[in-house]
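# Geometric and topological summary
Read off the chains here:
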Amino acid sequence: MSTPTTGDFTKTPGWLDWYSGPSRPRFQLPAGAVDAHCHVFGPGAEFPYAPERKYTPCDASKQQLFALRDHLGFARNVIVQATCHGADNRAMVDACLASGGRARGVATVRRSITDDELHQLHAAGVRGVRFNFVKRLVDFTPKDELMEIAGRIAQLGWHVVIYFEAVDLPELWDFFTALPTTVVVDHMGRPDVRQGVESAEFALFLKFMREHPNVWSKVSCPERLSVTGPHALHGEQAAYRDVVPFARRVVEEFPDRVLWGTDWPHPNLKDHMPDDGLLVDFIPHIAPTAELQRKLLVDNPMRLYWPQEA
Ligand SMILES: O=C(O)c1cc(C(=O)O)oc(=O)c1
């Protein structure tokens, strides 16, 4: 595939665009709440999608992200490099720089990155790197390369975000537990919710967090993990009930090491696109007290991403 230089990208067949006109949440977010997992896509005409990408999304600009932030009642964003941009962090960095200090970033880098480039990313607001082990999203990167990167970014005080599926945790365990930084797991390590919250698979994830106090988890993406719904659509106030016990267990056992994010613009959803206002209404089901909500949405993300202001 040649690298297009204009916006002439064709979306992956069946691609679902993000939900337009989301409702205003009924749940009132605490002051200073952080959407700690979201993305920007392009726009492709300005920030071309990476040649090695596994999907081509719709555009989702920084202006659209910031409008959603304000509509939902968040104060800040953590913008995670989407795999469709590979290790070209320009769109994410541009969004961080345009945010007036209200966004931090998580980058994808290769071992060829220079120290100067890392410092530039830091100045733009990047505070972590993402290592992705989901095979449908990325090609394999050797673990020695990732460990080398982790050692370098540790010196900047950054953390590592890991994305993997629950079934792969045993194989990845030794690598994850050797990482020298805070480690943030995307989407609870993608449990198979059909197996139930008492399953051996989810028990392993809880053990991972219990035995390693440097491991945090995003209790995000019920819309990805749910099998039986109901979807966050049409005013549904009790969406994705099959995911609630998983997220609630993590929040209640590790209240100081959890983060929440919308995952807007929701790459690769196949059967529906959630109303982001109703996704926010999911939060009190997994963090039922004001104290848990404040830790999840304000204290924890501030400590990790804006420690000077926390
Ligand atoms: O499950 C996914 O498809 C997905 C993809 C990406 C990405 O492409 O970066 O990020 C996510 O948080 C989730």
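Everything numeric here is computed off the predicted structure, so don't read it as measured data.

## Section: the packing of aromatic side chains
This structure, assessed with the given rule, holds 18 aromatic pairs. The interplanar angle of 65° and the centroid separation of 6.0 Å between the aromatic rings of Phe-133 and Phe-175 together place this pair among those described as edge-to-face. Of this pair, Phe-133 sits in the loop between strand E4 (126-132) and helix H4 (143-154) while Phe-175 sits in helix H5 (residues 169-178), placing them 42 residues apart in sequence. With a centroid separation of 5.0 Å and 50° between ring planes, the pair formed by Phe-164 and Phe-176 is classed as tilted. Of the two residues, Phe-164 is situated in the loop between strand E5 (159-163) and H5 and Phe-176 in helix H5; the sequence distance between them amounts to 12 residues. Across this residue pair, the class does not change: Phe-164 and Phe-176 are buried. Connected via pairs of aromatic rings, a cluster forms that spans Phe-131, Phe-133, Phe-164, Trp-173, Phe-175, Phe-176, Phe-202, Phe-205, Phe-208 and Phe-246.

## What about the site of the ligand?
The immediate surroundings of the ligand are formed by 16 residues, with Tyr-55, Thr-83, Arg-130, Arg-136 and Tyr-163 found nearest. At a separation of 3.4 Å, an oxygen atom of the ligand approaches a polar side-chain atom of Asp-263. Its atoms largely coinciding with the cavity grid, the ligand occupies the largest cavity. Its residues assigned to classes, the shell around the ligand shows 5 nonpolar, 6 polar and 5 charged.

## Overview of the packing of H4 against H5
Two numbers describe how H4 lies on H5: the axes approach to 10 Å, and their chain directions differ by 20°. When the axis of H4 is compared with that of H5, the two are roughly parallel. Handedness of the crossing formed by H4 with H5: right-handed. Each of Lys-143, Leu-146 and Met-147 in H4 lies in contact with H5, whose residues at this interface are Glu-171, Leu-172, Phe-175 and Ala-178.

## Quick look at the nonpolar core
One finds Phe-131 and Ile-162 to be the most contacted residues of the largest nonpolar core, which totals 104 residues. Of all the elements, helix H11 (residues 290-305) adds the most residues to this core, at 7 residues.

## A few points about the side chain of Asp-276
Here Asp-276 shows up in helix H9 (residues 276-280). Buried charge Asp-276 goes without a salt bridge, the closest partner of opposite sign being Arg-224 at 10 Å. At 2.7 Å, the side chain of Asp-276 forms a polar contact with the side chain of His-266.

Reading the values: the criteria
Residues numbered from 1 in each chain as written. Predicted model: local features only at pLDDT ≥ 70, side-chain atom pairs only at ≥ 80, totals over all residues. Heavy atoms only, no water. Phe/Tyr/Trp six-rings, centres within 6.5 Å; stacked < 30°, edge-to-face > 60°. Helix = DSSP H or I, 4+ residues; strand = E, 2+ residues; numbered from the N terminus. Buried < 20%, exposed > 50% of the residue type's maximum accessible area, 1.4 Å probe, protein only. Near = heavy atom within 4 Å. Polar contact = N/O pair within 3.5 Å; in protein donor to acceptor, adjacent residues only side chain to side chain. 1 Å grid on protein atoms, 1.4 Å probe; cavity = no way out; pocket = protein on both sides within 12 Å on 5 of 7 lines; lining within 4 Å. Sits in = over half its atoms within 2 Å of the grid points. Nonpolar A, V, L, I, M, F, W, Y, C, P; charged D, E, K, R; others polar. Axes fitted to C-alpha atoms, helices over the stretch in contact; angles between N-to-C directions. Parallel < 35°, antiparallel > 145°, perpendicular 65-115°, else oblique. Left-handed = near helix turned anticlockwise from the far one by under 90°. Contact = heavy atoms within 4.5 Å. Core = buried A, V, L, I, M, F, W, Y, C linked by side-chain atoms within 4.5 Å. Lys, Arg positive; Asp, Glu negative; His and termini not counted. Salt bridge = Lys/Arg side-chain N within 4 Å of Asp/Glu carboxyl O.

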